[in-house]
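Secondary and tertiary structure notes
One-letter residues, chain by chain:
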Amino acid sequence: WVSGQSKFFAHGQYGQISQSTDAVTWTMCAGNPIFSSTSTLSWDTTAHQNYTYLSGPGVFILGGIGAAQGIIVMGNNSNGFAQKQALVTSSMSTTQRGFAYLSGANRYVTFATSTNRVAWSTDSVTWTNGTSTNVPTTPYSITAGGSYYVIGGASGTMAYSTDGATWTSATSNNSGSIYGLAYSATPTNKFVAVGNTGQISSSTNGITWTLQLNAGGTYPFHDVIYAGGKYVAIGYNGTQGVVATST
C-alpha cells in the first residue's frame with residue numbers, strides 16, 4: 001500500500017508489477033515485465049521480497065537474484081517502473097529479502113540470510129555492510145518508523161537500529177517466526193509484528209513489545225500491513241486463509 005498514491009502494488013515473477021486502488025481490480029503497470037523469461041537477471045520468487053514508498057524518490061522495489069547481487073526497480077511516476085539498476089553488496093551472498101527507509105536517518109536498509117546480513121545506503125546505489133551482531137540469524141521481515149529500523153526473524157528473534165549499521169536485540173514476546181512487520185505513524189504510532197504461531201505483538205517504539213493476540217498455530221500469520229485505517233494480518237493454514245484486523 002502506497003499512501004502517497006492511494007494504491008496497492010503487487011509484484012511477482014520477472015518483476016511484473018500491478019496496481020489497484022481497491023485491491024479488487026488490478027492493472028499492469030507500464031514497463032512490464034521488468035525482466036524477460038530468458039533474462040539473466042530473473043526475479044527471485046522464493047524470497048520474502050518487500051517494497052516501500054519513499055516521499056520524493058518514488059517507489060522502490062527490492063528483489064534479488066542471489067550470488068552477491070540484488071535488483072532495485074525504481075518507478076519515477078505513478079504508473080511506470082521502467083528504470084532498474086543492479087545492487088551489488090559484495091559480502092551478501094544470498095538474496096536480499098526486503099528493505100526499509102527511515103527519513104530521519106536518511107538511509108535505506110536491506111537484509112539477507114548471508115553471513116553479512118545487513119547493508120545500508122544513503123542513495124540506494126552505493127551500499128555498506130552493517131554489523132550483523134544481534135541481527136536475527138534467519139531474518140524474515142523489516143520495517144521502519146519513528147526512530148528505528150526493526151528486523152524480525154525465526155523463533156521470535158528481533159533487533160532494532162537507528163542507522164542500519166549497528167543493531168540491538170529486542171524481546172518480541174512472539175515465539176513464532178516473525179514473517180511480517182508494519183508501522184503506522186498516524187494515528188496509532190505503533191509497530192505490529194505477526195508470526196507463524198498465530199501470535200501478534202505490538203510496540204510504540206520498536207524496542208518494548210507486548211503480546212496482543214495468541215491465536216495458536218492453526219492460525220499462522222505471514223504478513224501484516226497498515227491500510228485504510230487498520231492493521232491487516234494475513235496467513236494460510238494449509239486449508240484456508242487467515243485474516244485478523246485491528247485499528
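About the cut-offs
Residues numbered from 1 in each chain as written. Predicted model: local features only at pLDDT ≥ 70, side-chain atom pairs only at ≥ 80, totals over all residues. Heavy atoms only, no water. pLDDT = per-residue confidence, 0-100. Contact = heavy atoms within 4.5 Å. Helix = DSSP H or I, 4+ residues; strand = E, 2+ residues; numbered from the N terminus. Buried < 20%, exposed > 50% of the residue type's maximum accessible area, 1.4 Å probe, protein only. Polar contact = N/O pair within 3.5 Å; in protein donor to acceptor, adjacent residues only side chain to side chain. Core = buried A, V, L, I, M, F, W, Y, C linked by side-chain atoms within 4.5 Å. Pairing = 2+ DSSP bridges. Axes fitted to C-alpha atoms, helices over the stretch in contact; angles between N-to-C directions. Phe/Tyr/Trp six-rings, centres within 6.5 Å; stacked < 30°, edge-to-face > 60°. Lys NZ or Arg CZ within 6 Å of the ring centre and 35° of its normal.

1. Brief notes about the confidence of the model for the protein
Note that predicted coordinates carrying low pLDDT should not be read in detail. Across the protein, the average pLDDT comes to 75, with 65% of residues at or above 70. This model gives residues 35-56 a pLDDT under 50, and the stretch forms 68 contacts once residues within four places in sequence are excluded. Within the model, the stretch residues 82-86 combines pLDDT values under 50 with 15 contacts to residues more than four positions away or in other chains.

2. Looking at the side chain of Ser201
The residue Ser201 is located in strand β18 (residues 199-203) in this model. The class for Ser201 is buried, based on a relative accessible area of 0%. Here Ser172 takes part through its backbone oxygen, which lies 3.1 Å from a polar atom of the side chain of Ser201.

3. Thoughts on the nonpolar core
Core analysis: the largest hydrophobic core is formed by 14 residues, its most contacted members being Val109, Val118, Ile142, Tyr149, Ile151 and Trp167. Broken down by secondary-structure element, the contributors of at least two residues to this core are β8 (98-102), β9 (107-111), β10 (118-121), β12 (139-145) and β13 (148-153).

4. Some words on the pairing of strand β14 (residues 157-161)
The buried fraction of β14 is high, at four of five residues. As paired strands, β13 and β14 are joined by four bridges and run antiparallel to one another. Paired with Val150 across the bridge in β14 is Tyr160. Hairpin connection from β13 to β14: three residues lie between these consecutive antiparallel strands, with Ser155 at a positive phi of about 55°. Hairpin connection between β14 and strand β15 (residues 168-171): a loop of six residues separates the two successive antiparallel strands, and Gly164 in this loop has a positive phi of roughly 80°.

5. Points about the environment of Thr171
You can see Thr171 is positioned in strand β15. Setting aside chain neighbours within four positions, we find Thr171 in contact with Ile207 and Trp209.

6. Remarks on the sheet that holds strand β17 (residues 190-195)
Read across the open sheet, the four strands follow the order β16-β17-β18-β19; overall the sheet is antiparallel. Of all strands in the sheet, those with a lone pairing partner are β16 (178-184) and β19 (210-214), marking the two edges. Across the sheet, the mean angle from the axis of one strand to that of its neighbour is 20°, orientation sign disregarded. Relative to β17, β16 is paired through six bridges, and the arrangement is antiparallel. Residue Gly180 lies in a different strand from β17, and its bridge partner there is Val194.

7. Describing the sheet that holds β8
As summarised here, the arrangement of the four strands in space is β8-β9-β10-β11, forming an open sheet in which the pairing is antiparallel. In this open sheet, the two strands that pair with only one neighbour each are β8 and β11 (128-129). Across four bridges, β9 lies against β10 in antiparallel orientation. Its bridge partner being in β10, Thr110 is matched across the sheet by Ala119.

8. A few points about the packing of aromatic side chains
Taken as a whole and judged by the stated rule, the model has six aromatic pairs. Relative to Tyr179, the ring of Tyr140 lies with its centre 4.6 Å away and its plane at 80°, an arrangement referred to as edge-to-face. Placement of Tyr140 in strand β12 and of Tyr179 in strand β16 is noted, with a sequence separation of 39 residues between them. Judged by its relative accessible area of 15%, Tyr140 is buried. Ring geometry for Phe191 versus Trp209: centroids 6.2 Å apart, planes at 55°, classification tilted. Residue Phe191 is located in strand β17, and its partner Trp209 is located in the loop between β18 and β19; the two are separated by 18 residues in the primary sequence. For the residue pair Phe191 and Trp209, the accessibility class agrees, reading buried in each case. Members of the aromatic cluster, joined through ring pairs, are Tyr183, Phe191 and Trp209. Across the ring face of Trp120, the terminal group of Arg107 is positioned such that the distance to the ring centre comes to 3.6 Å.

9. Concerning the environment of Ala233
As for its placement among the helices and strands, Ala233 is situated in strand β21 (residues 230-236). The class of Ala233 is buried, set by a relative accessible area of 3%. Non-local contacts of Ala233, meaning those with residues more than four positions away in its chain, are made with Val194, Ile200, Phe221, Asp223, Val224, Val242, Val243 and Ala244.

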